[in-house]
Amino acid sequence: MDLRAMILMILGALSALFIILIHDKIILDPGSFSYLIAITRIPAFFLFASTVLAPLLVGPHLIKRTFYYTALFVVPSLIPQAFHILSFVFFPDFITPNHRDKVFWLHIIFVAYTLLGITFGIFHKRGTAPYPKFFALLLSSLAVSFFIVLYYPLLPKTYIKGVGSTIFSDVLWAGLSLWNFWLLYLILKKKVYGEKVSKYVSLGMFFYGIGSVLPIFYTHFRDIILVAVSFYRVLAYALFAYGVIKVEIVDVSKDILRRSRLFLISLAKAVPRWESDVLKVALGNSFEEGYIKSLCIYDLKTKELRAYFYGLKEREEDLKPPEDWDKLSEKKNGLYQGWTALSC
């Protein structure tokens, strides 16, 4: 992690500590509290939903599968998040009377399902079917959300007037915080989303974690800590969105278009030559700087090289034929009318 990211994390930790120190001295009036919560959590929900849905719309073939799986498994968290917003105490009653415990339980659940979705996305093994897990998460999220909305009085209290958050609530938030920072450690250590994107996702996880720590210190009904949590959530979602949508989808798409254009220009200008019945084409920097370093086309019947596309110079390792032709044929990788294309 670079210096700017470290400075941002230090400033975030110091600001959270400052909020904890002053929150007993600042009691917001109902109007200001409702306004600040509304202008942060409602747009934050749509920002987060857009970030989650973007990889699903792009598809697993155009982005890293880890992004696709993570987005898929995080979708169920949108249900308690939406219920959470609809159950704000300053909104009309949502199914049952809106109550602080009802709102807080939905808040806890959507954080838990968000972390659960990220965990599933990180550890999901490529090649295994993700959809049974997705539907299990989705159905459980619906069931738990409706249970809270309908039967929240049966659940343990999360807030006691004059006392603040309960011990039960504090334990839950502490557990979610530890879970959050464990995922942050994994993302930083393993670079599961790639070098560039992992930096922004890990920063987002840091501020998301702060938003899970602060409710432990919640004491007043309209505590400024709740507003601070909302702002940290917005910051976390903005970092997620920048990393996933801007860096991974938009920037990579632009880079692919640029390299494709260079490749086509080089192909148009290239002068092919024949050497021992092999067509060889030098494409220069468009291959050297691109995602593919060379391209070999073989005839599967004769196992002979027919065409060789390369960058600035030929490489001996490229011209070595594949060792396992049967395995190559089974995968149908690059096969076209008895020919196969191998890229490096």
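Scroll up to find the structure.
**Details of the overall build of the chain**
- Counting its regular elements, the chain contains 11 helices and eight strands.
- The globule rule puts the C-alpha radius of gyration for 344 residues at 20 Å, and the 26 Å found for the chain is more than 25% above it.
- The C-alpha extent of the chain, read off along each of the three principal axes, is 90 × 40 × 30 Å.
- Within the span of the chain, comprising 344 residues, buried residues form 47% of the whole.
- Pairs at least 24 residues apart make up 70% of the contacts formed inside the chain by residues separated by at least 6 positions.
- Put simply, the chain shows about 18,100 Å² of open surface, and 68% of that area lies on carbon and sulfur atoms.
- Across the chain, the centroid of the 37 positively charged side chains sits 5 Å from that of the 25 negatively charged ones.

**What to know about the side chain of Thr40**
- Inspection of the secondary structure puts Thr40 in helix H2 (residues 30-58).
- On the basis of relative accessibility, which here comes to 3%, the residue Thr40 falls in the buried class.
- Excluding residues within four positions of it along the chain, Thr40 makes contact with Ser230, Phe231 and Val234.

**Side note on helix H5 (residues 100-123)**
- Its 24 residues give H5 an end-to-end C-alpha distance of 35 Å, which sits within 8% of 34 Å, the value for a rise of 1.5 Å per residue.
- Here H5 lies mainly inside the structure; 21 of its 24 residues are buried.

**What about the environment of Ile122?**
- Inspection of the secondary structure assignment puts Ile122 in helix H5.
- Note on Ile122: relative accessible area 14%, which makes it buried.
- Separated by 68 residues in sequence, Ile122 and Lys190 place their C-alpha atoms 9.9 Å apart.
- For Ile122, the residues in contact, after removing those within four places along its chain, are Thr70, Leu183, Ile187, Val192 and Tyr193.

**Side note on the packing of aromatic side chains**
- Summed over all chains, the structure comprises 22 aromatic pairs.
- Consider the rings of Trp105 and Phe168, whose centres lie 5.9 Å apart with planes at 50°: the pair is tilted. With Trp105 in helix H5 and Phe168 in helix H7 (residues 167-190), this pair connects stretches of sequence that are 63 residues apart.
- Ring geometry for Tyr237 versus Phe240: centroids 6.4 Å apart, planes at 40°, classification tilted. Of this pair, Tyr237 and Phe240 both sit in helix H9 (residues 224-269), three residues apart, which is roughly one turn of that helix. The same class applies to Tyr237 and to Phe240, which are both buried.
- The positively charged end of Arg100 is found above the aromatic ring belonging to Phe221, 4.0 Å away from the centroid.
- Sitting above the plane of the Phe120 ring, Lys133 keeps its charged end 5.9 Å from the centroid.

**Description of the pattern of salt bridges**
- Taken as a whole and assessed by the stated rule, the structure comprises six salt bridges.
- Among the ionic pairs, Arg273 bridges to Glu275, the shortest N-O distance being 2.8 Å.
- Two residues, Glu275 and Lys280, come together in a salt bridge whose shortest N-O distance is 3.1 Å.
- Using a relative accessible area of 32% as the deciding quantity, one classes Glu275 as partly exposed.
- The exposure class assigned to Lys280 is buried, which follows from its relative accessible area of 9%.

**Quick look at the side chain of Asn180**
- Locating Asn180 in the fold gives a position in helix H7.
- A residue is classified by how much of its surface remains accessible, and Asn180, at 0% relative accessible area, is buried.
- Not counting residues within four places of it along the chain, the set of residues in contact with Asn180 comprises Leu115, Met205, Tyr208 and Gly209.

**Describing the nonpolar core**
- Formed by 79 residues in total, the largest nonpolar core has its most connected members in Tyr193, Met205 and Leu214.
- If we ignore the near neighbours within four places in the chain, the residues touching Met205 are Leu115, Ile118, Asn180, Leu183, Leu184, Ile187 and Phe240.

**Some points on the environment of Arg100**
- Turning to its location among the elements, Arg100 is positioned in helix H5.
- Exposure remark for Arg100: the relative accessible area of 7% places this residue in the buried category.
- Separated by 96 residues in the primary sequence, Arg100 and Arg4 have C-alpha atoms spaced 38 Å apart.
- With sequence-adjacent residues up to four places away left out, Arg100 is seen in contact with Phe33, Val89, Tyr159, Tyr218, Phe221 and Leu226.

So, how was this worked out
Residue numbers restart at each chain and count upward from 1, following the sequence in its written direction. Since the coordinates come from a predicted model, pLDDT governs what is reported: local features require at least 70, and pairs of side-chain atoms require 80 or more to be given and counted, while whole-chain, interface and lining totals use all residues. In computing side-chain values, all of the structure's heavy atoms are included and hydrogens and water are not. The numbering of helices and of strands both runs from the N terminus, where a helix is a DSSP run of H or I of at least 4 residues and a strand a run of E of at least 2. Each radius of gyration is computed over the set of C-alpha atoms, and the globule rule expresses the reference value as 2.2 Å times the number of residues to the power 0.38. Type-normalised accessible area, obtained with a 1.4 Å probe on protein chains alone, sets the label of each residue: buried when under 20%, exposed when over 50%, and partly exposed for intermediate values. Residues are treated as being in contact if the distance between any of their heavy atoms lies within 4.5 Å. With residues, only the protein chains shown are counted as cover, and all accessible areas are computed by Shrake-Rupley using a 1.4 Å probe. His residues and chain termini do not enter the charge count, which takes Lys and Arg as positive and Asp and Glu as negative. Taken as the charge location is NZ of Lys, CZ of Arg, CG of Asp or CD of Glu. Between the first and last residue of a helix there are one fewer steps than residues, each counted as 1.5 Å, and that sum is the expected span. Within 6.5 Å between ring centres, the rings of Phe, Tyr and Trp (the latter by its six-membered ring) count as paired, and their orientation is classed by plane angle as stacked under 30 degrees, edge-to-face over 60, tilted in between. Geometrically, a charge over a ring is one whose NZ (Lys) or CZ (Arg) sits within 6 Å of the ring centre while staying within 35 degrees of the ring normal. What makes a salt bridge here is a side-chain nitrogen of Lys or Arg within 4 Å of a carboxyl oxygen of Asp or Glu, nothing more. Remark: nonpolar core denotes a set of buried residues (Ala, Val, Leu, Ile, Met, Phe, Trp, Tyr, Cys) joined through side-chain atoms within 4.5 Å.

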